[in-house]
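Here are the chains, one letter per residue:
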Amino acid sequence: MTKRLTEVAKKAGVSEATVSRVLNGRDGVSEATRTAVLTALDVLGYERPTKLRGERARLVGLVLPELQNPIFPALAEVVTGTLAQRGYTPALCARTIGGVSEMDYVEMLLDHQVSGVIFAGGSYALADARHDHYRRLTDRGLPVVLVNAGVDELGFPRVSTDDAVAVEQAYGHLRSLGHERIGMVLGPEGHVPSRRKLNAMIQAAGWGDDEAECVERSSFSMEGARVAATKLVERGVTGIICASDVLALGTIRAARRLGRSVPTDVSVVGFDDSAFMTCTDPPLTTVRQPIETMGQAAVDLLVTQIEGAGVLHDELLFEPELVVRGSTAPAPGR
């Protein structure tokens with residue numbers, strides 16, 4: 001008990017006596033101090049006293065699919081900073097291979113009486129994945145916001161980049177450079193944002209039966225992209241649009257292993273404009289997601305729900321921006 005008081009007091013920046021007053025429900029403690037103590041208790045993983053368990057902490061979960069892709073740490077920085085400005089403490093939950101699953105993180109966040117959860121990539125974006133743990137959040141009436149497209153039936157508010165506009169920008173850029181054989185490296189078959197990108201490409205390029213020759217699927221890894229892009233380059237594709245910057249870097253590696261030069265022989269366009277894309281060789285042409293604006297909007301949507309001001313079920317679409325760098329050039333022979 002003494003150890004718990006000491007740790008909570010240090011975390012909350014108050015005295016042990018103040019922590020004791022809060023835990024015992026005594027008067028003489030401001031609401032701000034009381035909230036700080038309860039949040040510290042939650043963050044440290046201690047159970048609240050029974051009489052305090054009905055109250056949610058000013059703690060918000062941020063669940064990420066990984067931290068290796070630079071776009072997710074960038075989003076986490078925006079979201080956690082914005083939450084802190086609004087008086088909430090972020091609880092970062094990043095999944096790793098063989099580590100804690102998204103379902104387990106949901107259970108942990110529910111146990112900690114969080115006020116809400118923001119998901120940035122996860123099972124909700126995969127049409128063929130299990131979604132039972134999201135329904136647990138719905139059953140509890142817990143505020144939730146999803147960043148980027150997910151399956152429609154979940155009904156959570158969404159903050160997304162407009163995938164159709166992203167593809168139109170990338171495709172238009174490659175066409176303006178004279179590329180006629182343009183392909184795509186996308187995520188798995190059931191990945192909703194990749195489906196949206198593919199549908200946009202079908203519309204923009206007028207693809208018909210030749211679609212299968214121009215599209216390859218991959219896990220969101222450089223190794224997976226290298227295998228997928230190799231097939232496209234061997235089929236004579238000279239311009240490749242990728243569903244992420246990581247996939248684009250794998251595509252560049254594939255072209256080089258086949259003895260092709262980027263961008264002289266093959267032009268590559270990424271998606272995200274994540275950190276260090278100006279430092280790659282060549283610097284990557286990519287479609288920039290407005291991460292700062294989207295992260296702030298996700299927090300605003302969540303806090304609006306927490307404060308009981310209603311739920312916006314519509315999807316907010318944010319327009320991306322094409323950033324032209326050195327990985328694209330006129331088609332061979334132009």
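Scroll up to find the structure this text is about.
Residues numbered from 1 in each chain as written. Predicted model: local features only at pLDDT ≥ 70, side-chain atom pairs only at ≥ 80, totals over all residues. Heavy atoms only, no water.

### A closer look at the sheet that holds strand β1 (residues 59-64)
Taken in spatial order, the six strands line up as β2-β1-β3-β4-β5-β11 in an open sheet, and their pairing is parallel. On the outer flanks of this sheet lie β2 (89-94) and β11 (315-318), each paired with one strand and no other. Put simply, the sheet's adjacent strands are angled 15 degrees from each other on average, direction ignored. As judged from the four bridges shared by β1 and strand β3 (residues 116-120), these two strands associate in the parallel manner. Within β3, the position partnered with V60 by the bridge is G116. (Pairing = 2+ DSSP bridges. Helix = DSSP H or I, 4+ residues; strand = E, 2+ residues; numbered from the N terminus. Axes fitted to C-alpha atoms, helices over the stretch in contact; angles between N-to-C directions.)

### Side note on the packing of aromatic side chains
The final tally for this structure, using the stated rule, is three aromatic pairs. On the basis of an interplanar angle of 75 degrees and a centroid distance of 6.2 Å, the ring pair of Y124 and Y134 is categorised as edge-to-face. Note that Y124 is positioned in the loop between β3 and α6 (132-139) and Y134 in helix α6, a separation of 10 residues in sequence. Of the two residues, Y124 and Y134, both sit in the buried class. An aromatic cluster of at least three residues, connected via ring pairs, comprises F119, Y124 and Y134. The ring of Y88 carries the charged tip of R58 above its face, separated from the ring centre by 4.1 Å. In this structure, K197 is placed above the aromatic ring of F271, and the distance from its NZ or CZ to the ring centre is 3.9 Å. (Phe/Tyr/Trp six-rings, centres within 6.5 Å; stacked < 30°, edge-to-face > 60°. Buried < 20%, exposed > 50% of the residue type's maximum accessible area, 1.4 Å probe, protein only. Lys NZ or Arg CZ within 6 Å of the ring centre and 35° of its normal.)

### Comments concerning helix α12 (residues 291-306)
Counted at 1.5 Å a residue, the expected span for α12 with its 16 residues is 22 Å, and the 22 Å between its end C-alpha atoms agrees. Every buried residue of α12 is accounted for by I291, M294, G295, A297, A298, V299, L301, L302, V303 and Q305. For α12, the elements touching its buried residues are β1, α4 (71-85), β3, β4 (144-147), β5 (158-161) and β11. Two residues or fewer after α12 comes G308, characterised by a positive phi angle close to 75 degrees. (Expected span 1.5 Å × (residues − 1). Contact = heavy atoms within 4.5 Å.)

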